[in-house]
Amino acid sequence: MSDVQKKTDAHREFLELLHAQQVWDVGLPAFDPAAAPAAPLSLFHAWFAEAVAAGQVEPHTMSLATADGAGRPDVRTVMLHDADERGWHFATHRTSVKGRQLTARPYAALGFYWPAQGRQVRVRGRVTPCTPAESSADLHARSTGALASALVGRQSEVLGSYEELGRASDAAWRRAQEEPDAEVASWTRYVVEPQEVEFFQGDAARRHVRLRYRRGAEGAGGWERELFWP
């Protein structure tokens with residue numbers, strides 16, 4: 001069998017596997033947008049709790065999209081640290097790729113996907129760094145492993161070998177255990193201040209519900225709500 005035929009067969013197998021996956025062909029919760037609250041935060045809290053109750057794996061993870069200096073998009077998965085009246089919170093090293101991107105272009109988009117209930121939540125807005133005190137409290141509220149990872153630092157730098165990472169990680173773990181209050185100057189908590197928040201409820205008949213909250217005109221306060229075609 002030629003290499004070309006092997007690649008063709010491998011691609012065919014991939015497509016068969018891809019097309020065999022089901023999407024929302026099961027019962028999903030109903031969502032009446034007319035009954036939604038006036039602001040998005042309480043609805044997000046309710047949907048998050050319902051995702052946890054439905055057994056959704058890692059509902060607190062989200063995609064974080066930023067843009068580099070040339071305006072090219074970048075995306076990765078991070079952990080939600082809070083969602084309050086200020087916005088949606090996460091943390092990273094300000095010296096990382098995403099940290100540098102946010103310094104240059106302080107806007108981002110977040111995406112939550114909870115397939116257990118066929119739901120998505122999208123958030124877009126300006127990103128603001130929290131105070132050093134808030135960033136320090138964020139770091140020390142986390143596990144020893146999280147502190148050790150932060151102490152390693154050098155996020156997104158080129159790694160010479162996996163053994164090098166092992167040595168740095170071992171040293172960071174020892175320090176995190178010996179100095180649980182150790183500071184990491186680059187660790188920064190950020191908050192995405194929402195200008196738009198969209199709630200997407202999947203439907204087995206493909207009559208998906210999309211409800212977007214959008215900040216009112218400057219000075220008007222409050223939120224405007226509108227439905228989108230799926």
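Provided above is the structure to which this section pertains.
Residues numbered from 1 in each chain as written. Predicted model: local features only at pLDDT ≥ 70, side-chain atom pairs only at ≥ 80, totals over all residues. Heavy atoms only, no water.

(A) Looking closely at the environment of Thr77. Locating Thr77 in the fold gives a position in strand S2 (residues 73-79). Overall, Thr77 belongs to the exposed group, its relative accessible area being 57%. Placed 15 residues apart in sequence, Thr77 and Met62 show a C-alpha to C-alpha distance of 5.4 Å. Dropping the residues within four chain positions of it, Thr77 is found in contact with Thr61, Met62 and Ser63. (Helix = DSSP H or I, 4+ residues; strand = E, 2+ residues; numbered from the N terminus. Buried < 20%, exposed > 50% of the residue type's maximum accessible area, 1.4 Å probe, protein only. Contact = heavy atoms within 4.5 Å.)

(B) Examining the packing of helix H5 (residues 144-152) against helix H6 (residues 162-178) more closely. Contact geometry of H5 with H6 gives a least axis separation of 8 Å together with a crossing angle of 125°. One element, H5, and the other, H6, form an angle in the oblique class. At the point where H5 passes H6, the crossing takes the right-handed sense. Contacts from Thr144, Gly145, Leu147, Ala148, Leu151 and Val152 in H5 reach Ala168, Ser169, Ala172, Trp173, Arg175, Ala176 and Gln177 in H6. (Axes fitted to C-alpha atoms, helices over the stretch in contact; angles between N-to-C directions. Parallel < 35°, antiparallel > 145°, perpendicular 65-115°, else oblique. Left-handed = near helix turned anticlockwise from the far one by under 90°.)

(C) Local environment of the pattern of salt bridges. In the structure shown here, the tally under the stated rule is 17 salt bridges. Between Asp68 and Arg72 there is a salt bridge; the shortest N-O distance is 2.8 Å. Classification of Arg72 by relative accessible area gives exposed; the value is 54%. Here Asp82 and Arg189 are joined by a salt bridge, their closest N and O atoms 3.8 Å apart. Of this pair, Asp82 sits in strand S3 (residues 82-83) while Arg189 sits in strand S7 (residues 187-201), and the two are 107 residues apart along the sequence. (Salt bridge = Lys/Arg side-chain N within 4 Å of Asp/Glu carboxyl O.)

(D) Layout of unusual backbone geometry. The phi angle at Arg154 is positive, at roughly 60°, despite the residue not being glycine. For Arg154, the position within the fold is in the loop between H5 and H6. Note on Arg154: relative accessible area 51%, which makes it exposed. Of note in the backbone geometry, Ser156 takes a positive phi value of approximately 75° without being a glycine.

(E) Representation of the pairing of strand S1 (residues 61-67) within the structure. Here S1 pairs with S2 via 7 bridges, running antiparallel. Of the residues in S2, the one forming a bridge with Ser63 is Thr77. Between S1 and S2, which pair antiparallel in sequence order, lie 5 residues; one of them, Gly71, sits at a positive phi of approximately 85°. (Pairing = 2+ DSSP bridges.)

(F) Just the nonpolar core, in detail. Formed by 30 residues in total, the largest nonpolar core has its most connected members in Phe44, Trp88, Phe90 and Val121. Elements represented by at least two residues in this core include exactly helix H2 (40-53), S1, strand S4 (88-93), strand S5 (107-114), strand S6 (119-129), S7 and strand S8 (209-215). Broken down by element, this core gets its largest block of residues, 5 residues, from H2. Residues within four places of Phe90 in sequence aside, it is in contact with Met62, Leu64, Val78, Met79, His81, Leu102, Val127, Thr188, Arg189, Tyr190 and Val192. Residues Ala91, Ala148, Ala176 and Ala182 belong to the second largest nonpolar core, which totals 11 residues. (Core = buried A, V, L, I, M, F, W, Y, C linked by side-chain atoms within 4.5 Å.)

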